[in-house]
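Here's the letter readout for the chains.
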Amino acid sequence: MDFYFTNRQFGLQEIVSTTTSTEIVMADEEDKLSIENGSRTLTGTLYFTKEQSAQVKMCAAIGNYILYHDKNSKDVWMTIVEIEHNPLNGTHSFVAEDAGLDLLNELVGPYKADKAYNIAYYINKFTFDSGFEIGFNEISSLTRKLEWDSEDSTALSRLLSVATQFDNAEIEFSFDVNGTSVIKKYINIYKKRGKDNRQTLYVNVDVNNIVIKSDIYELATALYVEGGTPDGKNSPINLKGYKYTDPDERFVLGSDGILRDTFNGAKWSRLLPSQANPNGAYILRRKSYETTNQKTLCDSAVRELKKVSEPVVNYEVDITDLPEGVNIGDTVYLVDEHEEVYLSARVLELSFMYSTDSYVATLGDYLIKQGGVSQSLINLAADLKDRVNQKIYDVKLEATAQAFVDKKGTITIAAKVYDGTLDVSTNFSEYKWSRIDSEGVVDSDWFNITNTVVIEADDQPLWTYICEVNNQLDDGTLYTIGSDRLTITNLANGADGSDAILLNITSVNGNIFKNTGVSTALTVAIIVGETRIETSEQLLKFFGSTAYLQWQIKRVGELEFTNIPQNDSRLSDGGFLFTIGVKDIEEKATFNCILDY
């Protein structure tokens, strides 16, 4: 795994690897993503000799940047916020954050909205002049009238507060990277991060161990909440006099302004069973919010009481083989047949240790499906155990062409289902199609339910077609056996060559090496008309799922180029970054890159 250290002007200072392919090596690293704080933290240690000390201090200085591609080929940009340089031990430890100084050090003051605004308004207000802009926004239509009294909140904590008050939305940071420069910085807003692709992890196969951690330190069965102080008033608002009815009859708001969980109040009563009214002794906690709106205050109290009225249960999972594409927020399924534990859970924290090729996930928001607890949980356990045995197949979309030219003709896309190498498509009849445009917006007017679609060109530059194949159980329940997506582009033969495809290769550290241990990175940029493609994600989105980059090398004395394997450790992000050092070249070498789609 290669990490690119740059100064604050994105000038490349050093390429550091977790292997021995570079002179300065990183180890003890942890790349940690967290749902709770929305940010990402990278910690690690650079090991150096006495002669390398000055270079390490320069490349990994406070405030410098680290760029890399993670296990899911996502561009990552981190700012070094803490270092410890120890020349005696030859170690340089660092902490880096993806939110950076822009949001961690910026303080924001009190604010009261004059009316209800959407989340984009608040995000843009509290990140003004930071360089961040909104990327994905799944709750653009929701509006809230919010208020904060705090004098010294960081911009990051204020963003998290905004997201919480928009129905517990979740945020993520992402970046567009060109070579070793960050072009765009995004804040993405989700109703709930992650997806559920029915990924199942088995103990002794995919998982070494599942460690159960649970506590009741923060448990409460009743809440008394206060908000901010409205203009012209002398005291903060509370829930006294507010009317709230829970459709499930679980939460009851009393005239005293206390919200009670009647289900868990009995279970966790403060009184002994022999004492009077044992079900009425609630565990009360107080909590303060900044809103001056009673409805917002009540909604926040209900969400909080749902969380704190149950024991906190988390499972720390030592993963040996993380399925490709599993990311933070995803729902995964864990099976320990020996312990009779069947769990569905969200990935709340995910840590990558690149030098040891290992992963640790902290999973929460559990439905604990474990025999011997209660009938409802037994039923859930049986249900999940059945689902564990449901077979997953490979679904592939196969098209007669990858692109329209001048909007002519039709393209047929067929959904094929494979069991290994065997085509078993005729065994399935439940197909669900959808398509999204270049902005990721679903076309709500288009759908199909057969295994084949015939499409014609329109005014959109591209459509990405998605097909989900389902199977039916004996009880009539449908479950997804697999899915695939394929992008069809709309090209034109422009007389001025506006749709010509140009592939450009740039070396970030020059083309000539002397014997000084210098490394460089070759970066690829593909230009089609006014579209610039600089990542594998953009490549697949534009040219479709079969597109790829093929690097080639021709050494001194050779007459033809030789293909470089796709899994070469020097390649990252699908070939958009190619790290080369002096040890890779004898005298001279010519590199070539081909786009195949």
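Residues numbered from 1 in each chain as written. Predicted model: local features only at pLDDT ≥ 70, side-chain atom pairs only at ≥ 80, totals over all residues. Heavy atoms only, no water.

Enquirer: What's the story with the overall build of the protein in this structure? I'm lost.
Expert: On a plain count of helices and strands, the protein comes out with 8 helices and 42 strands. By residue count, 45% of the 597 residues in the protein fall in the buried class. Taking the contacts inside the protein whose residues are at least 6 apart along the sequence as the reference set, 61% of them involve residues at least 24 apart. (Helix = DSSP H or I, 4+ residues; strand = E, 2+ residues; numbered from the N terminus. Buried < 20%, exposed > 50% of the residue type's maximum accessible area, 1.4 Å probe, protein only. Contact = heavy atoms within 4.5 Å.)

Enquirer: How do you make sense of the packing of helix H3 (residues 119–126) against helix H4 (residues 155–165) when you look at a structure like this?
Expert: Between two packed helices, what matters for the description is the angle formed by their axes and the separation of those axes. As a packed pair, H3 and H4 sit with axes 10 Å apart at the nearest point and diverge in direction by 175 degrees. One way to sum up the angle between H3 and H4 is to call them roughly antiparallel. Judged by residue contacts, Ile-119, Tyr-122, Ile-123 and Phe-126 of H3 engage Ala-155, Arg-158, Leu-159, Val-162 and Ala-163 from H4. For the contact of H3 with H4, the residue count by class is 8 nonpolar, no polar and 1 charged. (Axes fitted to C-alpha atoms, helices over the stretch in contact; angles between N-to-C directions. Parallel < 35°, antiparallel > 145°, perpendicular 65-115°, else oblique. Nonpolar A, V, L, I, M, F, W, Y, C, P; charged D, E, K, R; others polar.)

Enquirer: It is not clear to me how the sheet that holds strand S42 (residues 589–596) should be interpreted in this structure. Could you clarify?
Expert: With antiparallel pairing, the 3 strands of this open sheet are ordered in space as S39-S38-S42. A single partner strand is all that each edge strand has here, and the edge strands are strand S39 (562–563) and S42. Note that strand S38 (residues 548–555) and S39 share 2 bridges and pair antiparallel. Bridge pairing in S39 links Gln-552 to Asn-563. (Pairing = 2+ DSSP bridges.)

Enquirer: I would appreciate a short explanation of the pairing of strand S29 (residues 410–419) in the present structure.
Expert: As judged from the 6 bridges shared by strand S27 (residues 394–399) and S29, these two strands associate in the antiparallel manner. Counterpart to Lys-396 in the pairing with S29 is Lys-416. Note: S29 against strand S32 (residues 452–456), 5 bridges, orientation antiparallel. In the strand pairing of S32, Thr-410 is matched with Glu-456.

Enquirer: Mind showing me how you'd approach the pattern of salt bridges here?
Expert: Once the charged atoms of two side chains with opposite charge are near each other, the side chains can pair. Tallied over the entire structure, the rule returns 21 salt bridges. Across the pair Lys-32 and Glu-349 runs a salt bridge, and its minimum N-O distance is 3.5 Å. Residue Lys-32 is located in strand S3 (residues 25–34), and its partner Glu-349 is located in strand S25 (residues 341–353); the two are separated by 317 residues in the primary sequence. Overall, Glu-349 belongs to the partly exposed group, its relative accessible area being 23%. Note that Lys-416 and Glu-398 form a salt bridge whose closest N and O atoms lie 3.4 Å from each other. (Salt bridge = Lys/Arg side-chain N within 4 Å of Asp/Glu carboxyl O.)

Enquirer: Any chance you could explain H4 here in plain terms?
Expert: Residues spaced three or four apart along an α-helix point in a common direction, a consequence of the helix completing one turn every 3.6 residues. Every buried residue of H4 is listed here: Ala-155, Leu-156, Arg-158, Leu-159, Val-162, Ala-163 and Gln-165. One or two residues past the end of H4 sits Asp-167, with phi positive at roughly 60 degrees.

Enquirer: What's the story with the packing of aromatic side chains in this structure? I'm lost.
Expert: The description of an aromatic ring pair uses the distance of the two centres, along with the angle that the planes make with each other. Under the counting rule described, the total for this entry stands at 21 aromatic pairs. Among the aromatic side chains, those forming a connected cluster through ring pairs are Tyr-111, Tyr-117, Tyr-121, Tyr-122, Phe-126, Trp-148 and Phe-166. It is Arg-260 that lies over the ring of Tyr-282; its NZ or CZ is 5.9 Å from the centre. Against the face of Trp-463 rests Arg-435, its NZ or CZ located 3.9 Å from the ring centre. (Phe/Tyr/Trp six-rings, centres within 6.5 Å; stacked < 30°, edge-to-face > 60°. Lys NZ or Arg CZ within 6 Å of the ring centre and 35° of its normal.)

Enquirer: How should the sheet that holds strand S11 (residues 132–137) be read in this particular structure?
Expert: Sheet strands pair via backbone hydrogen bonds, and the direction of the pair is either parallel or antiparallel. Taken together, the 3 strands give an open sheet; going across it, the order is S11-S16-S15, and neighbouring strands pair in mixed fashion. Looking at strand neighbours, the two that pair on one side only are S11 and strand S15 (170–178), the edges of this open sheet. Put simply, the sheet's adjacent strands are angled 35 degrees from each other on average, direction ignored. Across 9 bridges, S15 lies against strand S16 (residues 181–190) in antiparallel orientation. Across the sheet, Glu-170 pairs through a bridge with Tyr-190, a residue of S16.

Enquirer: Help me understand the environment of Lys-408 in this model?
Expert: Counting through the fold element by element, Lys-408 comes out in the loop between strand S28 (403–405) and S29. C-alpha of Lys-408 to C-alpha of Asn-490: the two residues are 82 residues apart in sequence and 9.6 Å apart in space.

Enquirer: Just checking my understanding: could you explain unusual backbone geometry for this structure?
Expert: Trans is the prevailing form of peptide bonds, just as negative phi is the prevailing case for residues other than glycine. For Asp-167, which is not a glycine, the phi torsion comes out positive at approximately 60 degrees. Residue classification places Asp-167 among the partly exposed positions, given a relative accessible area of 43%. Even without being glycine, Asn-168 reaches a positive phi, approximately 60 degrees. Of note, Asn-168 is situated in the loop between H4 and S15.

Enquirer: Looking at this model, I keep getting lost on the nonpolar core. Mind explaining?
Expert: Generally speaking, a soluble globular protein has its nonpolar side chains buried in company with each other. One finds Phe-5, Leu-46, Ile-66 and Phe-94 to be the most contacted residues of the largest nonpolar core, which totals 40 residues. Residues Tyr-4, Ala-113, Trp-148 and Ile-187 belong to the second largest nonpolar core, which totals 36 residues. (Core = buried A, V, L, I, M, F, W, Y, C linked by side-chain atoms within 4.5 Å.)

Enquirer: Got a minute to help me understand H3 in this structure?
Expert: Regarding H3, the residues found buried are Ile-119, Ala-120, Tyr-122, Ile-123 and Phe-126. Buried residues of H3 fall within an arc of 165 degrees about the axis and therefore sit on the same side. (Arc of directions from axis to C-beta.)

Enquirer: I'm lost on the pairing of strand S6 (residues 75–86) in this one. Help?
Expert: For a regular strand, side-chain orientation follows a simple rule: the groups alternate between the two sheet faces. Across 5 bridges, strand S5 (residues 65–69) lies against S6 in antiparallel orientation. Counted as the bridge partner of Tyr-68 is Val-76 from S6. A loop of 5 residues connects S5 with S6, the two strands running antiparallel in sequence, and Ser-73 in this loop sits at a positive phi of about 60 degrees. Strand direction decides the pairing type here: S6 and strand S7 (residues 91–97), joined by 7 bridges, are antiparallel. The residue of S7 that forms the bridge with Ile-80 is Ala-96. Hairpin geometry of S6 and S7 is characterised by an intervening segment of 4 residues between the two adjacent antiparallel strands and by a positive phi of about 70 degrees at Gly-90.

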